[in-house]
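Examination of the molecular architecture
Listed below are the residues making up each chain.
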Protein chains: 2
Amino acid sequence: MLSDIDQEMKKHDLNAILVSGESTFGNPELYYVIGAGLARGGIYLKVRLHDPILVVSNIDVGSAKKGRIKNIETYSEYEHEKTLQRYGRNRAQVILYDKVLREHKAKGRIGFYGKVEVSSSLALVESLRRKGHKIVGEKRPTLVDVLRETKDRAEVDRIREVGSRTEKVVERALEVLRNSSVQGTDVLYQGEPLTVGKIKRHIRRFIAEENLVDIEGTIFAAGTGSADPHYRGAESDPIREGEPIVFDIFPQEPGGYCFDTTRTYVVGKPSKEIKSMHETVLEAQLTALDNLREGANAKTVTELVCSIFEKKGYKTQRDVTRGDEEARTHGFIHSLGHGIGLTIGERPNLSVLVDENLKEGHVTSVEPGLYKPGLGGVRIEDIVVIRKNGVENLSKLDKTLEL
Amino acid sequence: MLSDIDQEMKKHDLNAILVSGESTFGNPELYYVIGAGLARGGIYLKVRLHDPILVVSNIDVGSAKKGRIKNIETYSEYEHEKTLQRYGRNRAQVILYDKVLREHKAKGRIGFYGKVEVSSSLALVESLRRKGHKIVGEKRPTLVDVLRETKDRAEVDRIREVGSRTEKVVERALEVLRNSSVQGTDVLYQGEPLTVGKIKRHIRRFIAEENLVDIEGTIFAAGTGSADPHYRGAESDPIREGEPIVFDIFPQEPGGYCFDTTRTYVVGKPSKEIKSMHETVLEAQLTALDNLREGANAKTVTELVCSIFEKKGYKTQRDVTRGDEEARTHGFIHSLGHGIGLTIGERPNLSVLVDENLKEGHVTSVEPGLYKPGLGGVRIEDIVVIRKNGVENLSKLDKTLEL
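Since the model is a prediction, treat every value here as computed from it, not as a measurement.

**Side note on unusual backbone geometry**
Residues Arg140 of chain A and Pro141 of chain A are joined by a peptide bond in cis, for which omega reads -5°. The backbone phi angle of Lys105 of chain B is positive, close to 50°, even though this residue is not glycine. By secondary structure assignment, the location of Lys105 of chain B is in the loop between helix 4 (80–103) and strand 5 (109–113). On the basis of neighbour counts, which here come to 10 C-beta atoms within 10 Å, the residue Lys105 of chain B falls in the exposed class.

**Some details on the pairing of strand 1 (residues 16–21) of chain B**
All names here are of chain B. With respect to burial, strand 1 is a largely interior element, six of its six residues being buried. Both strand 1 and strand 5 contribute to a ladder of four bridges, which runs parallel. Its bridge partner being in strand 5, Ala16 is matched across the sheet by Ile110. By the bridge criterion, six bridges tie strand 1 to strand 2 (residues 42–47) in an arrangement that is antiparallel. Paired with Gly21 across the bridge in strand 2 is Gly42.

**Describing the sheet that holds strand 5 (residues 109–113) of chain A**
All names here are of chain A. The sheet built from six strands is open, its strands ordered 4-3-2-1-5-7 with mixed pairing. A single partner strand is all that each edge strand has here, and the edge strands are strand 4 (71–74) and strand 7 (134–136). Strand after strand, the sheet turns through a mean of 25° between neighbouring axes, direction not considered. Note that strand 5 and strand 7 share three bridges and pair parallel. The residue bridging Ile110 from the neighbouring strand is Ile135, located in strand 7.

**Some thoughts on the interface of chain A and chain B**
Every contact between the two is made by 60 residues of chain A and, on the other side, 60 residues of chain B. Only helix 3 (61–64), helix 4 (80–103), strand 5, strand 6 (115–117), helix 5 (118–130), helix 8 (196–209) and helix 11 (317–321) of chain A provide two or more residues apiece to the side of chain A that touches chain B. Looking at the side of chain A that touches chain B, the element that brings in the most residues is helix 5 of chain A, giving eight residues. Of the residues contributing to the side of chain A that touches chain B, the split by class is 20 nonpolar, 21 polar and 19 charged. Judged from the three bridges that link them, strand 6 of chain A and strand 6 (residues 115–117) of chain B form a sheet pairing that is antiparallel. When the bridges of strand 6 of chain B are listed, Lys115 of chain A appears paired with Glu117 of chain B.

**Some remarks on the relation of the copies chain A and chain B**
Structural alignment of chain A on chain B gives an RMSD of 0.0 Å, achieved by rotating through 180° and translating 0.0 Å along the axis. What we have between these two chains is a two-fold relation. A high fraction, 100%, of the interface residues of chain A reappear at the interface in chain B, so the copies pair face to face through one surface.

**Some words on the packing of helix 7 (residues 153–178) of chain B against helix 8 (residues 196–209) of chain B**
Residue and element names in this part refer to chain B. Contact geometry for helix 7 and helix 8: axes closest at 9 Å, N-to-C directions at 150°. In this structure, helix 7 crosses over helix 8, and the sense of that crossing is right-handed. Two secondary-structure elements touch here, helix 7 through Val169, Arg172, Ala173 and Val176 and helix 8 through Ile199, His202, Ile203, Phe206 and Ile207. Class assignment of the residues belonging to the contact of helix 7 with helix 8 gives a composition of seven nonpolar, one polar and one charged.

**Here we look at the domain arrangement of chain A**
Residue and element names in this part refer to chain A. Segmentation of chain A into domains returns domain 1 (2–148) and domain 2 (150–393). On a C-alpha basis, the centroid separation for the pair domain 1 and domain 2 is 37 Å. Every contact between the two is made by 11 residues of domain 1 and, on the other side, seven residues of domain 2. Looking at the side of domain 1 that touches domain 2, the elements that each hand over two or more residues are helix 2 (28–34) and helix 6 (143–149). Examining the composition of the side of domain 1 that touches domain 2, we find that three residues originate from one element, helix 2, more than from any other. Residue classes in the side of domain 1 that touches domain 2 are distributed as six nonpolar, three polar and two charged.

**Some details on helix 5 (residues 118–130) of chain B**
In an α-helix there are 3.6 residues to a turn, and that puts residues three or four apart on one side. All names here are of chain B. The terminal C-alpha atoms of helix 5 lie 18 Å apart, and with 13 residues this matches the ideal 18 Å at 1.5 Å per residue to within 8%. Residues of helix 5 that are buried include every one of Val118, Ser119, Ser120, Ser121, Leu122, Leu124, Val125, Ser127 and Leu128, and no others. Positive phi appears at Gly132, one or two residues downstream of helix 5, with a value of about 100°.

**Section: the sheet that holds strand 10 (residues 192–193) of chain A**
Strand order in this open sheet of three strands is 8-9-10 (chain A), and the pairing throughout is antiparallel. The outermost strands of the open sheet, each flanked by one partner alone, are strand 8 (181–183) and strand 10 of chain A.

**Brief notes about the environment of Gly268 of chain A**
Residues and elements named next belong to chain A. The topology assignment puts Gly268 in the loop between strand 13 (261–266) and helix 9 (272–291). Given 14 C-beta atoms within 10 Å, Gly268 falls into the partly exposed group. The spatial distance from the C-alpha of Gly268 to the C-alpha of Glu402 is 6.8 Å, given a sequence separation of 134 residues. Discounting chain neighbours no more than four positions away, the residues touching Gly268 are Val182, Glu241 and Gly242.

**As for the confidence of the model for chain A**
When the pLDDT values of chain A are averaged, the result is 96; 100% of them are 70 or greater. Two numbers describe this predicted complex: its pTM, 0.95, and its ipTM, 0.93.

What counts and how
Residues numbered from 1 in each chain as written. Chains lettered and ligands numbered in written order. Predicted model: local features only at pLDDT ≥ 70, side-chain atom pairs only at ≥ 80, totals over all residues. Helix = DSSP H or I, 4+ residues; strand = E, 2+ residues; numbered from the N terminus. Buried ≥ 20, exposed ≤ 12 C-beta atoms within 10 Å, placed from the backbone. Pairing = 2+ DSSP bridges. Axes fitted to C-alpha atoms, helices over the stretch in contact; angles between N-to-C directions. Contact = placed C-beta atoms within 7 Å. Nonpolar A, V, L, I, M, F, W, Y, C, P; charged D, E, K, R; others polar. Least-squares fit on C-alpha atoms with pLDDT ≥ 70 in both. Left-handed = near helix turned anticlockwise from the far one by under 90°. Domains from an automatic or database assignment. Expected span 1.5 Å × (residues − 1). pLDDT = per-residue confidence, 0-100.

Here's what the structure looks like:
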C-alpha cells in the first residue's frame, strides 16, 4: 500500500520516482499516487524519505488540492509556457522534467511510471538520460504494481461501497427476470419476448442511477453463447426458459475503484447438466474461499480447484499444459482470479502458472467456471480481501441458480 | 488516417511497428489499429507494405475476428504458456515478442506503441534491444498520433452518431430545466429545490439510455463555480435563477469514439454582464468557425479569437505570456480547441502556442469561453470536421442563453 512507499523504494533500489501523464483518466498509476482526478494530468515526483510534490497546470490546481499531495506546484512556476513557445512541445517537456528533477534534487536511480503512450515516453526518457538523469525501467511487478496490490483500509472501504451499489444493480436486474413469465421456452417481460438487449438497457440505467460507470460493458450471456467466458451477449439474443445466463458485471466509481461479480441464473427449470455444473462450480468456489488466506499459494489453491473439477470429469487448465487441445474450450478454461482496485485486472493473479503467496490486503476475485460449447457456461465470482486467517468476502449476493 | 499507414511509416523511417497492451480498454492506440475491443489485449505487428498480424489470447479470438485484422494468431502458437511456466512472466514476454518479430521478419527500425504502464515497457524494450531488435521511440507527433489525427469517413460517421445521441441527452436535461419553476431566486423541480446532484442523476440516466459511457463525468457548473472551467459542479450546488450554468458533456461509445459539447444556459433572466459575455463568446466562436478550413493556422485563428475578446476589454492567453497574472483566472483562460476521436484530448490543438496548419479530416472542438471569478463563466463548444473550404459542424444544438 501507498504508506509502504519509502520502504519499497529502498527494496527496488530507487532514490526517486516520477509518475506522470496528460490526464489521470485512463492512467490508474497517476491517479493512485495523487488521489484525485486531474483533467490535464501532471508530474508527481517523490525523492525517498521526502514528501512528494505534484506539478500541474494552473487550471487543475483546484482539483489537485482535493488529492493527497500537499506540495502543489504549477507548470508556470517552471516557466513552461515560455519554453513551450520558444522550443515547442517535445523540447519544452524535456526542459520541464529536467527542471523539476533538479529543483527537488532527484539524483541516483529514478523510476518512471504512468500509463501513457509508450513511444513518446521512450523518446522523453532518452532525452532525460542524455541530460544525466538515471531513469530506469522495472520488470514486473514494478514498484507501483507492488504498492497497488495490497489495499489499505480506505481503499477496501471504497471497493466495498462500489460492491454494495453493484449488487443493488444485480438485484434490480433480477427483479426484471423474476417479473417475467414463461410461455413455452420464451421468457416474456411486460408481454413481450425478453432479449439481452432489453435487459442490458435496464442494467445500464441501474448502473447510472447508482452513479457508477460501465466502462467495459456488462456480460449478460444467455444460452449457448455463455460457453465463451468473454462473450458479452448480443442485443438480439433471446432469454430462454431453462438456459444458463452468465451475468458478470464490473462497474467503476467515476475515475476510481471497481467491483466485479458474477452469478449464473436460469429462468425456469435448469437441465440436469447445468444444475450439476453449477453445484460443482459452487463447491470449487467454496473450497477456494476456505483455503485463501495470507501466505496461501496462488498456484496451490488453483490446483485444488482443478482437482475438484477433474474428479468430476471436467477438463482444466492443467490439461492444456499437458497438450490437450479440447481443454482450451471445455471445462475450467480460465484462471481462478485476478486482483481488482483501480482496474479490474491487476495483481494478484490466481492461476496454476503463478507460484506466489498471497499477502494481507490483496483484493482478488475468486471465480471458478465451467464451460461446454453447444450447451453454455456457469461461473460464480466473489471479491475477497485476503486476511491473516482467511478472507473477508465483499460479495453478499445469493448464489442460487434458479430464480 | 489508418489507410495512410505505409506512406507514414516511410516518412517516419520505420520498417515495422508494434502496438500492444494487456487490454484495448484505456488503450486507444491498440483499439485504433485493431478496430475491436479485446479484454486481454494483444500484439499488433505490421511490417511496411505487408498486411498486419495480431497475436491474442485464445479467449479473445472471437472478439479479434470482429476487428479489421485478417491474420489472427494466438499466444499458444508461439508456445507462450510453456515459456510462461518455464521462465515466468517477464522473460516469457520478451521471448514472445522476439518470436513474433522473427517469425514475421520485422527488421530495421521498429516503432513501439500502445498506452501502457511505461516502467515495465522500458524494461521490455531494453530486453528486445539486447536481442538485436531496433526498437525506437518517437517524439510527438508519433506515427500513431499522425494517423489518428485525421479521421476517415467511417470514423466521422461514428463521431456524428455519438454526437446526435449526446445532443438528445442535453435536450432531455433541458426539459428538466424548462419544467422547473422559479420562486424568488430558487429553481424548483417537482416542487423541490433543484440541485446539481439531482439534475446530474437525470443526465447519467439519459446517457445510459443512449448506450453511452460517461467516463470522465459531466460538467454541470452552476453559479459562481462556473468561473473555473474544470469545475464539475458539486452534488449540493443549487441551481439559481439568473445564474449561468456551464453544461459540458463528453460521453463515449462503449470503448470507442467520443463527442464533446458545451452550452451555457440561464434559468430565468441573465444579468447584463453574463448576457454580454455570452454574446461575445458566440461572436468569437462564429468567427473561429468562419475561419477554420484546411490549411488554416491554429495559432492565427486562436489569435483572431483573442483579438475579439481583447477589443471588448477581456483578458486572454496572450496576456499570460505578457506576464499578466490576473489573465490566468480572468477572461479567455484556456485554449480554443482540441481534437477528439477515441479520446477527448488529442491532435489537433487550437492554441496561441501551436503554429500548425489544420488538415482535412481533423475533428476538433471550437470552444471559446470567458470566466470571471465571483460571477461565473460562459463557454460554447461545437465539434467540427475540417474540410477543404470550411468546416462541417457536427453540433446541432441551439446556442440560446435563456431557457
